[in-house]
Amino acid sequence: MADDVPPLDLLELLPAGWRTVLTPHLDPARTAELGAFVAGEYATQTVFPPVEDLFSAYRLCAPEDCRVLILGQDPYHKAGQAHGLSFSVRDGVSVPPSLRNVFKELGEDVGVPKPTSGNLSGWAAQGVLLLNAVLTVRQAKPGSHANSGWEEFTDATIKALDAMSSRVVFLLWGGYARKKRDLVTNPQHVVLEAGHPSPMNPRGFLGSRPFSATDKALADAGLPPIDWARSAG
């Protein structure tokens, strides 16, 4: 990293509500180190998502509105794909293979026709936090920002949601996400695990019926279901 690159103040970039609930779960020194690392990467590498989309998931889903967390691994690493929401791509961008499998399961599970767009911001607007365990990645280098400090940041997010008084359904897809299961300790919440939807993982996701299971868990807590057909916001 270039020494003259000012660090990003990650907490300052967060919406105020998230800043309030995350701060008690974050180590200030580690968060500052992460901000310096991320700033250096944006300054010297091609990094996704664009910095203005870094916290899109948090912007579109306030903590008090969150009913569901869908946790991915790290952002898409090809140009034009990642926009700050796990598994989602902007309108007009070809639907990536993992999201195609999500849409296939969506149709088989709850009968939603294949969406014409891969933009999932309509889910976010209903209280679905579309989060990756690692929030940035270098172009064409999947996993390149793993173990840089983002894991502590997203762990803090899960801990903050675990402390919520209303039920949250945690959808953990793939081995990376499933490592987070032990962070959910409040018995009112529900954890639903499955394999990653990537086509390279031929078993463990398709047939897991996560969408109907989520709606049942919400209904059991007196909460409305998600309109899964409302993908693009």
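Per chain, residue numbering runs from 1 following the sequence as it is written. Local features in this predicted model are restricted to residues of pLDDT 70 or higher, and side-chain atom pairs are both shown and tallied only at a pLDDT of 80 or more, whereas totals for entire chains, interfaces and linings draw on every residue. Calculation of side-chain values draws on the structure's entire complement of heavy atoms; hydrogens and water are dropped beforehand.

A. Structural view of the overall build of the protein. Within the protein one finds nine helices and six strands. For a compact globule the rule gives 2.2 Å times the number of residues to the power 0.38, and the radius of gyration it is set against comes from C-alpha atoms. The C-alpha atoms of the protein give a radius of gyration of 17 Å, which matches the 17 Å a tight globule of 233 residues would have. Principal axes of the C-alpha set define a box for the protein whose edges measure 55 × 40 × 30 Å. Think of it in three bands: with a 1.4 Å probe and only protein chains considered, a residue is buried below 20% of the maximum accessible area for its type, exposed above 50%, and partly exposed in between. Taking all 233 residues of the protein together, the buried fraction comes to 51%. Going along the chain from the N terminus, every DSSP run of H or I of four or more residues is numbered as a helix, and every run of E of two or more is numbered as a strand.

B. A look at the UniProt feature "active site" (unreviewed entry) in the protein. UniProt positions are given in the numbering used here, feature names are shortened, and annotations may be inferred rather than shown by experiment. The feature "active site" (unreviewed entry), as annotated in UniProt, sits at Asp 74 in this numbering. With respect to the helices and strands, Asp 74 occurs in the loop between β2 (68–72) and α5 (97–110). You can call Asp 74 buried: its relative accessible area is 17%. In this description, contact between two residues means that some pair of their heavy atoms is separated by no more than 4.5 Å. Residue contacts for Asp 74: discarding those within four places in its chain leaves Asn 132, Val 134, Val 137, Pro 142, Gly 143 and Ser 144. Pairs of N or O atoms are called polar contacts if they sit within 3.5 Å, as long as, within protein, a hydrogen donor faces a hydrogen acceptor (for residues adjacent in sequence, only side-chain-to-side-chain pairs). Side-chain polar atoms of Asp 74 contact the backbone nitrogen of Gly 143, separated by 2.6 Å.

C. Structural detail: the sheet that holds β2. Note: two strands are recorded as paired if DSSP finds a minimum of 2 bridges between them. With parallel pairing, the four strands of this open sheet are ordered in space as β3-β2-β5-β6. Lying at the two open borders of the sheet, with one neighbouring strand each, are β3 (128–132) and β6 (190–194). Neighbour to neighbour, the strand axes of the sheet diverge by 15° on average, direction disregarded. Note: strand β5 (residues 169–173) against β6, five bridges, orientation parallel. Counted as the bridge partner of Leu 172 is Glu 193 from β6. To get an axis, a line is fitted to the C-alpha atoms, and for a helix only the part in contact is used. The angle between two axes follows their N-to-C directions and goes from 0 to 180 degrees. Its contacts with the sheet place helix α7 (residues 150–162) against β2, β3 and β5, and it is angled at close to 155° to β3.

D. Layout of the environment of Leu 206. With respect to the helices and strands, Leu 206 occurs in the loop between β6 and α9 (210–220). The class of Leu 206 is partly exposed, set by a relative accessible area of 39%. Along the chain, Leu 206 and Asp 109 lie 97 residues apart, while their C-alpha atoms are 9.4 Å from each other. If we skip the residues at most four places from it in the chain, Leu 206 touches Asn 101, Lys 104 and Glu 105.

E. Spatial organisation of the pattern of salt bridges. Salt bridge, as applied in this entry: a Lys or Arg side-chain nitrogen positioned within 4 Å of an Asp or Glu carboxyl oxygen. Scanning the entire structure with this criterion turns up nine salt bridges. For the salt bridge of Asp 155 with Lys 180, the shortest nitrogen-to-oxygen distance reads 2.6 Å. Of this pair, Asp 155 sits in helix α7 while Lys 180 is found in the loop between α8 (175–178) and β6, placing the two residues 25 residues apart along the sequence. The exposure class assigned to Asp 155 is buried, which follows from its relative accessible area of 18%. You can call Lys 180 buried: its relative accessible area is 8%.

F. Local environment of the pairing of β2. Among the five residues that make up β2, five are buried, leaving the element largely enclosed by the rest of the structure. Residues Val 68, Ile 70 and Gly 72 point to one face of β2 and Leu 69 and Leu 71 to the other, with burial holding for every one of them. The sheet contact formed by β2 and β3 spans five bridges and is parallel. Considered in β3, the bridge of Leu 71 is made with Leu 131. Sheet topology note: the β2/β5 ladder contains four bridges and is parallel. Counted as the bridge partner of Val 68 is Val 169 from β5.

G. Quick look at unusual backbone geometry. At the junction of Phe 48 and Pro 49, the peptide bond is cis and its omega measures out at -5° in the coordinates. Positive phi values are uncommon outside glycine, yet Phe 87 reaches one of about 70°. Along the chain, Phe 87 turns up in the loop between β2 and α5. Within the chain, Ala 140 stands out as a residue other than glycine whose phi angle is a positive 65°. Among the structural elements, Ala 140 can be located in the loop between β4 (137–138) and α7.

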